Structures are given as structure tokens and as C-alpha cells.
Amino acid sequence: MVGLFHSDIKNPVLRWIDTRLPILTMVQKEYGVFPTPKNFNYFWAFGGLAMVTLLIMIATGVVLAMAYTPNTTMAFDSVERIMRDVNYGWLLRYAHENGASMFFIVVYVHMFRGLYYGSYKNPRELLWILGVAIFLVMMATAFMGYVLPWGQMSFWAATVITNLFSAIPVVGEPIVQWLWGGFSVGNPTLNRFFSLHYLLPFVLFALVFLHVAALHITGSNNPLGIEPKGPQDTLPFHPYYTVKDSVAICVYFIVFALLVFFFPNYLGHADNYIPANPLLTPPHIVPDWYFLPYYAILRAVPSKLGGVALMFGAVLILFVVPWLDTSKVRSAKFRPIYRVFFWVLVISCVVLGVVGSQQPVGIWVPLGQVATAYYFFHFLLLMPVLGKLERTLPLPESISHAVLGGGPLPNGVAAKPMEKA
Amino acid sequence: MRTLRPTLIGAALLGAALLGAVVTAAPARAQEETEPSVNWSFSGLFGTFDRAAAQRGFQIYNQVCSNCHSLRQAYYRDLIGIGLSAQQVKDLAASKRFPALTEDGQPTDRPGLPSDHFRDPFPNELAARAANGGGLPPDLSVIVKAREGGPDYVYGILTGFIDAPAGFKLMPGLNYNKYFPGHQIAMPQPLRDATVTYIDGTSNALDQEARDVVTFLTYIANPELEERHRMGVKVVLFLLFLTGLSYAVKRKLWANVHH
């Protein structure tokens, strides 16, 4: 459609802009009056929290890049210079470092929320797929960022992770050398990781834009998993959810601040304060905590190729979750059996995280194998079969119907103030 | 309450699960003996450096540690942060000689400046190894951050030198330390009772010396610590206030919504 936009905005300057580029009308439509289910709980704030974290990461990262030197002989010292000589460099660096952990905490909660309330089901499959793509790019970005300080864990994590590709038959070795830009992890590796670490967040940003755009086509899911039937079921996004999300952001910032100001190295690994030394392998190479479950899956089978395939499979399987889950009912609230298995999945992921942090000996080996087996069982077998067999609970007629207690209110009750969820 | 309870339980479970994952993810230390837990002046939300202890610690570094260990991320001017005067720092830096070039390009040396990094005890790694039986004394700039256990671990190493237990095979040139992983450490015991004499008359028992030098090294590793703690307290207080405010606004706004 070509032609000027008929704007409703009164202010002449804004109207002039909006007529030519209706971006203000768009913001008003998508973030102002956007009809949002009125029954969100605070788990629905985590998408917004992830967005906020991405912005913090980009802002701190851009400034850090001004003082960082991507050269194997200078990278470690340049990080120390940031910590000591750059104005508030310690704040930027600790916020960026812990921001990565906060990002993963928030995104993991966001993903488990989606799994619990069936947010990936028709018509939100593409929304979910874009989310998984965001997760993948995020993992790549985090991994490359971890390499940049060029400490012992940086170097050895880079070596271990890039070496995973050598498990691919025939083309594995050439791929690894291509990734390294040489015959071992070295200066070319660090240079390209820095370049990509700066690039990928903007790819993330574009993906997040698409994720949000797709969300605004389908509308949000909600804790009941039923579509809003009309205006009585929704609220305008602003001010209701802008304000509710503000509360969540404030609480989130408190946790973030406690970590940055008082326990900045708690989630890190001490060995990364030792400069990288290619001749000295640390006794125990571990990735950052947020990769530990995948690290456990990698080591669950005694074959390198098998481990690599399982590890990548564990992420890629998420892409097809909308079709693995055959249940028509979205919210686990109305799926008594699935609800139990959801928590088993959560527990098995936590167990995998713990197993990933341990040396692969003794009880940790079978424990990791059982948890890995459950992870794949949950998605590949349980979801399709349970969806067909489970007797779900009756769904409420509408969101407002459920809120009001499921029926016409008896006389005496209606006078009482409503309970707040 | 009907919808609140399961949500809360879910939130609590998920939170506990994530927290559990995070807590246990801190890798287990493969050490037979856990180092002593010392009550440091700089720990806790309001922790600050005990200036006198840090200055005594610097005296130990300067007289003992600096013979082998570099502190190359730190500057002489950093000592102002533990209470030395600008003039003291200037005099101290000037007492160290740094390699330099004359105007016609001949090697010479010059007195240090407060803006100089702490001078390395050895000109290069080979020289350091040659002087230490093949071992390389690690740089101490971030040593308390570079070891699991942090200050407690460094304190443990300094106080953990004992005679090897009967039957323990100690390799030649190595020393027994009860807190060092594997117990065999190349560094000979650096501090004993009365290794240094403090000008402020503080007891120079080993325990005190170890505490002091660890306080100094923790300052060198985290020169921003006091500013960080001060700012953190303000930031968290502000955020608590803002949380209360935004929650009040939220309650008022949602008061008439049945949800």
C-alpha cells in the first residue's frame, strides 16, 4: 500500500512524522493499547527481563570493546587494565560478566515457562522456533565471550569446544582448522571470536525483533492456555503490564546488583584469572555454569561423535517440540500427568548441571546417563504419547470466567473484594 | 489464592532448582584438607580493608615476596589506596630502578615513578625459572582471585608448611604443604614467626604476617572493592525503594482488575 498514513496524532510535529512513517502509531498499537491477557503471573515478565538484559549486555559490551585488546599477548592484561584504569571499568566488566549468567537464568526460566504453559503450540510454533534460534545464537555468543579474557579456562574451553567439531567424520579436522584459523587455538582464533562476539548480539537483536513481531501476531499465551474471548479477557499492555513488568525489573536488578557489587566472581571460575597457557592443561576443564547440563550430555556416552550428536541434539530437539507435543491442551495446569513429568524434566536438567560440574567418575557417570536418557525420553516419547493418552481437566470457558470462579456468583459472595492472583 | 498458590510453588521450585544448579555448579575442590576460614576485614557487604594490616602486608611483600613474585598489574600509586601518602609512594617508587634508554639509545636505568607497574623481580621467565630450580613463581596481582578459596587459600598456603608425614615421598627440591593440591610445593616456606619486624610494633607471629600479606594481596587484586561495596549498598537501597514504589503503583493500578 503506497500513500501517506492517516495519523490520529494531534501534535503537528509528531503527526508530520507519523504520516510519513507511522512508527508512533505502531508503538501505540503494539505497546500502548495492545490487548494482553489479564491473567499473567510474574513468569510472563521474563521475556521483558531477557530484553532488558540484552540491552545491558550490548551497552556494557560496546564500552568494554573500546578498552579491550584482542591479541593473545595483551588480552589478559587489557582486561586487568579495564578493571583498574578505566573509569568504572570494574563495574562495566563485572556487569557484563555476570550479565551473561543473569541472561541465561532469565532465558531458562522463560523457556521452562513456555514448556509448562504450552506456549509453543498452534499458532505460536514459529514464535517458539525463533526463541530457540535466539537461544542458539546466545550460546554461541556467550561461549565466544568467555574466550576473550584469555585466561586458562578461556583457552581450554575454546580448545575443548572447537575440538567437538573434529568428531564429524571426514570433514571434521578441516572444519576445526578452519574455525581456529591455524593448527591450534591461537591469535587468529581470538581475533575472529572477538569479531563474532561483537557481531552476534546484533543478530540476536534482529531475532528478538522477529520473536516479538511474531508474538504480536499471535498474541501472548497465558497461564490458562486458552485464547482471550473478548475485551473482558484482556488489558491494554500499557499501563497494566508496563507497570507490572517494572516491578519485576526492579526485583531483577536487585539480584543483579547483589551479584555484581558483592559476589562478582562467585559464578566465575578462579582459573580464568590465570593467564592462558597452552602448555599447561588445568586439572579440571569446565564451562560456565549455564553450559554444564550440555557438558554432562556430551560426556554421557563413551563415543565422541555420539556425545557431540547428543549435545547438539539436545538443543535442536527444541525446534520440533511444537510437533512432538500432541496434546491439544496448552497449559500444564489442566494436564495432571504432564505437570508431574514437567518437574521431572526440570529436576533432570538440574541433575545434568550438577553432573557437568563434576569429574566423570563414580556415581556421576550413571547419574548423567539416566538424566540424559530422561531428557530425550521426555521430548521424543513422553510428549507425543502422553498427548494422545492423557485425560485433561476441563478447560474454563474463558479467562474472565475462570477468574470469577467458574460460574455465576452466589449473592453473598459477590460483595466480597476479589482475591488477587 | 486459588491461582496464586501453584504459581508461587512453581516459582519457588524453579528458583530453588536454578539456585541449586548454580550453587552446586561451583566445582568441587580436589583437596584433602580445607583451608582455615579467616574472618577478613574486607569480607561481607560492608567490608573495607584494614589499612594498617594492608600496609604491614605491603612491608612483607616488599621485603620477602617481591624477591621472587611479580605484581605486574599493580602500580606504585595503588599504595595510596591503603593509606600511604603521595610523597611516600613517590620515594618508594624512586628507590626502584627501571630499565630505560639514554638519548643515544644505550641501555641504562632510571628511578621508578608512582605510575610505574611494580617492578618484576626477574627480567624474564627463563631467568625466573633458572633462579627457582625450574619453577616459575606466579604473578601475585590477582592471586586471591585465581585460586579456589581466595584469601583463605592463600592464607592456608602461607601457614600450611609442615614436615612431611612419615612415609610421604617428597620429590627433591619440593616442600610439604598441607593445603597445596598434591602437597608438594616448589616454594620453600616464605614466612615464619618474626620473619619481618613491624615498625608499628604489631606481633610478628606467622599467623599475623600471613593475615597481613593476604589483606595486602586482596587489596591489590581488588583495588575497587571498597568503592564497589559502597556503591552496591546505595544501589541496592535505591532499588529496594524503587521496588516498593513500583509495587505500590502496580497495586493501585490493578486494584479494580479481577484477574
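Conventions adopted
- Residues numbered from 1 in each chain as written.
- Chains lettered and ligands numbered in written order.
- Predicted model: local features only at pLDDT ≥ 70, side-chain atom pairs only at ≥ 80, totals over all residues.
- Heavy atoms only, no water.
- Helix = DSSP H or I, 4+ residues; strand = E, 2+ residues; numbered from the N terminus.
- Rg over C-alpha atoms; globule rule 2.2 N^0.38 Å.
- Buried < 20%, exposed > 50% of the residue type's maximum accessible area, 1.4 Å probe, protein only.
- Lys, Arg positive; Asp, Glu negative; His and termini not counted.
- Charge placed at Lys NZ, Arg CZ, Asp CG, Glu CD.
- Contact = heavy atoms within 4.5 Å.
- Areas by Shrake-Rupley, 256 points an atom, 1.4 Å probe, with all protein chains shown as cover.
- Salt bridge = Lys/Arg side-chain N within 4 Å of Asp/Glu carboxyl O.
- Pairing = 2+ DSSP bridges.
- Domains from an automatic or database assignment.
- Buried area = accessible area lost by both parts, 1.4 Å probe.
- Axes fitted to C-alpha atoms, helices over the stretch in contact; angles between N-to-C directions.
- Parallel < 35°, antiparallel > 145°, perpendicular 65-115°, else oblique.
- Left-handed = near helix turned anticlockwise from the far one by under 90°.
- Nonpolar A, V, L, I, M, F, W, Y, C, P; charged D, E, K, R; others polar.
- Core = buried A, V, L, I, M, F, W, Y, C linked by side-chain atoms within 4.5 Å.
- Arc of directions from axis to C-beta.
- pLDDT = per-residue confidence, 0-100.

Points about the overall build of chain A
Argument step 1. Scanning chain A for helices and strands turns up 17 helices and two strands.
Argument step 2. Against the compact-globule benchmark of 22 Å for 421 residues, chain A has a radius of gyration of 24 Å, which places it among compact chains.
Argument step 3. Counting the 421 residues in chain A, one finds 53% classified as buried.
Argument step 4. Counting 25 positive and 18 negative side-chain charges, chain A places the centres of these two groups 7 Å from one another.

Considerations on the overall build of chain B
Argument step 1. When helices and strands are tallied, chain B shows seven helices and four strands.
Argument step 2. Starting at the N terminus, the α and β elements of chain B follow one another as α-α-α-β-β-α-α-β-β-α-α.
Argument step 3. Burial statistics for chain B: of 259 residues in total, 41% are counted as buried.
Argument step 4. For chain B, restricting intrachain contacts to residue pairs at least 6 apart in sequence, the fraction spanning at least 24 positions comes to 59%.
Argument step 5. Carbon and sulfur atoms form 59% of the exposed surface of chain B, whose accessible area is close to 13,700 Å².

Some words on the pattern of salt bridges
Argument step 1. Counting across every chain of the model gives 19 salt bridges over all chains.
Argument step 2. Its salt-bridge partner being A:Glu227, residue A:Arg330 comes within 2.9 Å of it at the nearest N-O pair. Of this pair, A:Arg330 sits in the loop between α13 (321-324) and α14 (336-357) while A:Glu227 sits in the loop between α9 (187-218) and β2 (234-236), placing them 103 residues apart in sequence.
Argument step 3. Residue B:Asp116 pairs with B:Arg110 through a salt bridge whose shortest N-O separation is 3.0 Å.
Argument step 4. Under the relative-accessibility criterion, B:Asp116 is labelled buried at 12%.
Argument step 5. When salt bridges that share partners are traced, they join A:Arg81, A:Asp85, B:Arg77 and B:Asp78 into one network.

Looking at the environment of A:Met57
All names here are of chain A.
Argument step 1. In this fold, Met57 is placed in helix α3 (residues 46-67).
Argument step 2. Assessed through its relative accessible area of 12%, Met57 is described here as buried.
Argument step 3. In contact with Met57, not counting residues within four places along its chain, are Ala95, His96, Gly99, Ala100 and Phe103.

Let's talk about the side chain of A:Thr53
Argument step 1. In this fold, A:Thr53 is placed in helix α3.
Argument step 2. Dropping the residues within four chain positions of it, A:Thr53 is found in contact with A:Gly99, A:Phe103 and A:Tyr252.

Describing the pairing of strand β1 (residues 97-101) of chain B
Residue and element names in this part refer to chain B.
Argument step 1. Note that β1 and strand β2 (residues 107-111) share five bridges and pair antiparallel. Considered in β2, the bridge of Ala100 is made with Thr108.
Argument step 2. Hairpin remark: β1 followed by β2, antiparallel, with five residues in the connecting loop; positive phi at Gly105, about 85°.

Structural notes on the environment of A:Gln358
Argument step 1. Within the fold, A:Gln358 resides in the loop between α14 and α15 (364-389).
Argument step 2. Along the sequence, A:Gln358 and A:Ala296 sit 62 residues apart, while their C-alpha atoms lie 8.9 Å from each other.

Thoughts on the domain arrangement of chain A
Residues and elements named next belong to chain A.
Argument step 1. What the domain assignment reports for chain A is domain 1 (32-276) and domain 2 (286-388).
Argument step 2. On a C-alpha basis, the centres of domain 1 and domain 2 stand 21 Å from each other.
Argument step 3. Opposite the 43 residues of domain 1 that make contact, domain 2 presents 37 residues.
Argument step 4. Regarding the contact of domain 1 and domain 2, the summed buried area is about 3,500 Å², with carbon and sulfur atoms giving 71% of it.
Argument step 5. There are two salt bridges connecting domain 1 and domain 2.

Some words on the packing of α3(A) against α9(A)
All names here are of chain A.
Argument step 1. Across the interface, α3 lies against α9 with an axial gap of 11 Å and an inter-helix angle of 150°. Classified by the angle between their axes, α3 and α9 sit roughly antiparallel to one another. Crossing geometry of α3 relative to α9 is assigned as left-handed. Here Met51, Leu54, Leu55, Ile58, Val62 and Ala65 of α3 come into contact with α9, specifically with Phe194, Tyr198, Pro201, Phe202, Leu204, Phe205 and Val208.
Argument step 2. Within the contact of α3 with α9, the residues separate by chemical class into 13 nonpolar, no polar and no charged.

Digging into the nonpolar core
Argument step 1. Among the nonpolar cores identified, the biggest contains 129 residues, and A:Phe104, A:Leu115, A:Phe135, A:Leu318, A:Tyr375 and A:Phe379 are the most heavily contacted of them.
Argument step 2. Counting residues per element, this core draws most heavily on helix α5 (residues 89-116) of chain A, at 16 residues.
Argument step 3. Structurally, this core is a two-domain feature, drawing no fewer than three residues from each of domain 1 (32-276) and domain 2 (286-388) of chain A.
Argument step 4. Those residues within four positions of A:Leu115 in sequence are excluded, and the remaining contacts are A:Tyr120, A:Trp128, A:Val321, A:Tyr338, A:Phe342, A:Leu345, A:Phe379 and A:Met383.
Argument step 5. Residues B:Cys65, B:Val144, B:Phe161 and B:Ala210 belong to the second largest nonpolar core, which totals 45 residues.

As for helix α8 (residues 172-180) of chain A
All names here are of chain A.
Argument step 1. By the burial criterion, the buried members of α8 are Gly172, Val176 and Trp180. The buried residues of α8 occupy one face: seen down the axis, they fall within an arc of 70°.
Argument step 2. Its buried side turned inward, α8 meets α7 (152-163) and α9.
Argument step 3. Remark: Gly181 follows α8 within two positions and exhibits a positive phi of approximately 70°.

Overview of the environment of B:Gly134
Argument step 1. Among the structural elements, B:Gly134 can be located in the loop between α4 (125-131) and α5 (150-159).
Argument step 2. Note: C-alpha distance between B:Gly134 and B:Gly173 (39 residues apart in sequence) is 9.9 Å.

As for unusual backbone geometry
Argument step 1. Cis geometry is found at the peptide bond from A:Asn122 to A:Pro123, where omega equals 10°.
Argument step 2. By the secondary structure assignment, A:Pro123 is in the loop between α5 and α6 (125-147).
Argument step 3. A positive phi angle, near 55°, is found at A:Trp150, a position not held by glycine.
Argument step 4. Mapped onto the elements of the fold, A:Trp150 is located in the loop between α6 and α7.
Argument step 5. Exposure remark for A:Trp150: the relative accessible area of 6% places this residue in the buried category.
Argument step 6. Residue B:Ala194 is not a glycine yet carries a positive backbone phi of 65°.
Argument step 7. With respect to the helices and strands, the residue B:Ala194 is situated in the loop between β4 (184-185) and α6 (206-221).

Observations concerning the confidence of the model for chain B
Argument step 1. Per-residue confidence for chain B gives a mean pLDDT of 89, with 87% of residues at or over 70.
Argument step 2. This model gives residues 21-31 of chain B a pLDDT under 50, and the stretch forms 23 contacts once residues within four places in sequence are excluded.

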